Amino acid sequence: LSTSHGQFRRIAERERRRIAFTLDGIEAQALEGDTLLTAILTTRGHLRIAEFAQTPRAGFCLMGACQDCWVATADGVTLRACTTYLAEGMAIVTRQ
Amino acid sequence: MTARVVIVGGGPAGIRAAERLVAHGLTPILLDEAPRIGGRIYQQQPQGFRRKPEALYGSEAKKAEALVAAFAQIEAKLDHRPGSTVFDIIDDRLILLRENKREEIGFDRLILATGAMDRIMPLPGWTLPGVTTLGGAQIALKHQGCAIGHRVAFLGAGPLLYLAAYQYAKAGAAVAAVVTTAPWLGLGRDPLGMAAQARTAAKGAFYLAKLKAWRVPLIAAATPSRILGGDSVAGLEVLADGRLRTIPCDAVALGYGLKSESQLAELAGAQFIFERVQNQWLPQIDDHGRAIDRAGLYLAGDGAGIQGADAAELRGRIAASALLQDLGIPLHDRDDHTALKRWHRFRVALEQAMPYPSHLARNLPDDTILCRCENITAGEVRNAADQGLREINRVKAATRLGMGRCQGRVCGIAGAEVLAARLGVSVDSVGRLRAQPPVKPVPIDALAGDSL
């Protein structure tokens, strides 16, 4: 899977403070006020690998209904990416 | 002791209901999943974002500002608990998750204003990264300042389709095309119905004219074929005017109108009826928002049938008035009812002009995924039908369709259409997926509260 190309494109509100996080162990940067979903999808092309299909997914409804964007922190807390804001230094894990 | 009143949902319906209750001396508890009020339609951007309301809500900016201002007036007079996810209702108790802890709140009277989400008809490729709901595409822009891709195609039916495409183009995103299954002629089928809300109809015409002026390809009466791509979206393939067209794009926003989020209403004891105009099962209410055969339960806004944001404000007030009347507080709300009738008339015209494309269910390829959560295909549902299953909950038990984390929110309607098409029966005769607690995923220890 491509990791160099973000799926989402920022078109407004680009003048926010940068915050650092890690995504599957790789250092990354996003902006304050980003949801985890935005932070991940402006960094790369997919959000997670679906457990039953083994194919890449990137959320769907973005409003907390479809439950297709659950990720985890390195210490095992599961988070719905579309309704959770990124915090400085978060370690996000999308691979089981 | 005064009645304990709880409202679930902080969108236009919930806020206007709260406002009316507070005006008559009540102190409702307002539960909302989001950190800030507004619901989805008037969702506020995170703290620190700088766009003006006009940039976020366009022609609806004044309504959004008025709602936020109304809430500021009552905020100190009610008990607002943002970040609350209600996941079960047992008798007269709400079970919810707040700050990762399980809570229970008892109520005497409950107003549910739980809103709606996009109504989906799947197509091959719709689980690829880059495909979101239409509402999701709007949220990405409004709440995060992002487009869902670098070149976005819009596919579906309904007023949101052109609004979302217009908002994207206006914000500087590249719109590859707007494709609808509805025929252009449908827009002229019920001129009197459209005239019931002429200003709103005119806005729709304005968005279309702008998209046309910006040379965005507008395709009607289309049959969506598939979304192309391996690990990401490469294009949208549709059949239109007798030929197969490929629209190069790296994202697709998908949605055919809205469906009510009615799971909590069901757990609270509402009765359901299949509503033909909206082509979906809806909780039954009287003209005042009272749930039929369930005393103390009131439903308002799009969670009780889709009528849009303006109607939701009216329906919030009307439900609150009914609640107050039931508490013995006399109240006149005839103006709200008169205004609501026009929205209802308009909605009937919209649904007829831009219907849900039930007909597509029959020809979906067998390997099309219907249930994203459990990876269940149209073919598996058809096999279940061929083996004699004629009811959607039995198909769920046999195939796992709708058994995943979303509880059938996304696949339920299309799953029933695929089943009904295979059986050759009308979609209401295969039933509807029953809501099961928890209506949203919660940690095991939060669930265990009842039995421990």
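This write-up is about the structure you can find in this document. Quantities reported herein were computed from a predicted structural model and do not represent experimental measurements.

A word on the interface of chain B and chain A. By a frequent convention, interface size equals the accessible area lost on bringing the separate parts together. With 50 residues of chain B at the interface, the matching set in chain A holds 39 residues. Summed over both partners, the interface of chain B with chain A buries about 3,700 Å², with 56% contributed by carbon and sulfur atoms. Applying the counting rule to chain B against chain A returns four salt bridges. On the surface where chain B and chain A come into contact, there are 20 residue pairs in polar contact (both at pLDDT 80 or more). Those elements giving two or more residues to the side of chain B that touches chain A turn out to be β8 (116-118), β9 (131-133), α4 (134-144), β10 (146-147) and β17 (251-256) of chain B. Considering every element that reaches the side of chain B that touches chain A, the biggest residue donor is α4(B), with seven residues.

Right, let's get into the sheet that holds strand β13 (residues 218-219) of chain B. All names here are of chain B. The strand order across the open sheet built from five strands is β9-β17-β11-β12-β13, with neighbouring strands paired in parallel fashion. Of all the strands in the sheet, the pair left with one neighbour each is β9 and β13. Docked against the sheet, helix α5 (residues 159-170) engages β11 (152-157) and β12 (175-180), running at close to 175° with respect to β12.

This part covers the pattern of salt bridges. Counted under the stated rule, the structure contains 37 salt bridges over all chains. The closest approach of N and O atoms between B:Glu103 and B:Arg98, which form a salt bridge, is 3.2 Å. The exposure class assigned to B:Arg98 is partly exposed, which follows from its relative accessible area of 22%. Overlapping salt bridges bring together A:Arg48, A:Glu51, A:Arg57, A:Asp68, B:Arg372 and B:Arg405 as one network.

Next up on the list: the packing of helix α12 (residues 378-386) of chain B against helix α14 (residues 412-423) of chain B. The description of two packed helices rests on the angle between their axes and on the distance between the axes. All names here are of chain B. It is at 9 Å that the axes of α12 and α14 come closest, and there the two elements cross at 45°. As judged from the angle between their axes, α12 and α14 are oblique. Our pair here, α12 against α14, has a crossing hand that is right-handed. Of the residues in α14, those in contact with Ala-378, Val-381, Arg-382, Ala-385 and Asp-386 of α12 are Gly-415, Val-418, Leu-419, Arg-422 and Leu-423.

Another point: helix α3 (residues 61-74) of chain B. In this model α3(B) runs 20 Å from its N-terminal to its C-terminal C-alpha over 14 residues, within 8% of the 20 Å that 1.5 Å per residue would give. Buried-residue contacts for α3(B) involve α1 (12-23), β2 (29-32), α2 (53-57), β3 (79-82) and α9 (309-326) of chain B.

All names here are of chain B. In the contact formed by α1 and α9, the axes pass within 7 Å of each other and the chain directions differ by 35°. Here the hand of the crossing between α1 and α9 comes out right-handed. In this structure, α1 contributes Pro-12, Ala-13, Arg-16, Ala-17, Glu-19, Arg-20 and Leu-21 to the contact, and α9 contributes Ala-309, Ala-312, Glu-313, Gly-316, Arg-317, Ala-320, Ser-321, Leu-323 and Leu-324.

This brings us to the pairing of strand β1 (residues 5-8) of chain B. Residues and elements named next belong to chain B. Burial of β1 is two-sided: the residues Val-5 and Ile-7 facing one way and the residues Val-6 and Val-8 facing the other way are all buried. As judged from the four bridges shared by β1 and strand β7 (residues 109-112), these two strands associate in the parallel manner. Bridging from a neighbouring strand, Val-8 pairs with Leu-112 of β7. Pairing between β1 and β2: three bridges, direction parallel.

A separate point is the state of the cysteines. Linking two cysteines covalently through their sulfur atoms gives a disulfide. Residue and element names in this part refer to chain B. For the structure on display, the rule yields zero disulfides over all chains. This cysteine, Cys-406, is not joined by any disulfide, and Cys-373 carries the nearest cysteine sulfur, 3.9 Å off. A residue is classified by how much of its surface remains accessible, and Cys-406, at 4% relative accessible area, is buried. Left unpaired, Cys-411 is separated from the closest cysteine sulfur, that of Cys-371, by 4.3 Å. For Cys-411, a relative accessible area of 2% corresponds to the buried category.

Residues and elements named next belong to chain B. Cis geometry is adopted by the peptide bond preceding Pro-438, which originates at Pro-437 and carries an omega value of -5°. Residue position: Pro-438 is located in the loop between α14 and α15 (444-447). For Asp-293, which is not glycine, the phi torsion reads 60° and is therefore positive. Note on placement: Asp-293 falls in the loop between β20 (280-283) and β21 (297-299).

So, how was this worked out
- Residues numbered from 1 in each chain as written.
- Chains lettered and ligands numbered in written order.
- Predicted model: local features only at pLDDT ≥ 70, side-chain atom pairs only at ≥ 80, totals over all residues.
- Heavy atoms only, no water.
- Contact = heavy atoms within 4.5 Å.
- Buried area = accessible area lost by both parts, 1.4 Å probe.
- Salt bridge = Lys/Arg side-chain N within 4 Å of Asp/Glu carboxyl O.
- Polar contact = N/O pair within 3.5 Å; in protein donor to acceptor, adjacent residues only side chain to side chain.
- Helix = DSSP H or I, 4+ residues; strand = E, 2+ residues; numbered from the N terminus.
- Pairing = 2+ DSSP bridges.
- Axes fitted to C-alpha atoms, helices over the stretch in contact; angles between N-to-C directions.
- Buried < 20%, exposed > 50% of the residue type's maximum accessible area, 1.4 Å probe, protein only.
- Parallel < 35°, antiparallel > 145°, perpendicular 65-115°, else oblique.
- Left-handed = near helix turned anticlockwise from the far one by under 90°.
- Expected span 1.5 Å × (residues − 1).
- Disulfide = S-S within 2.5 Å.

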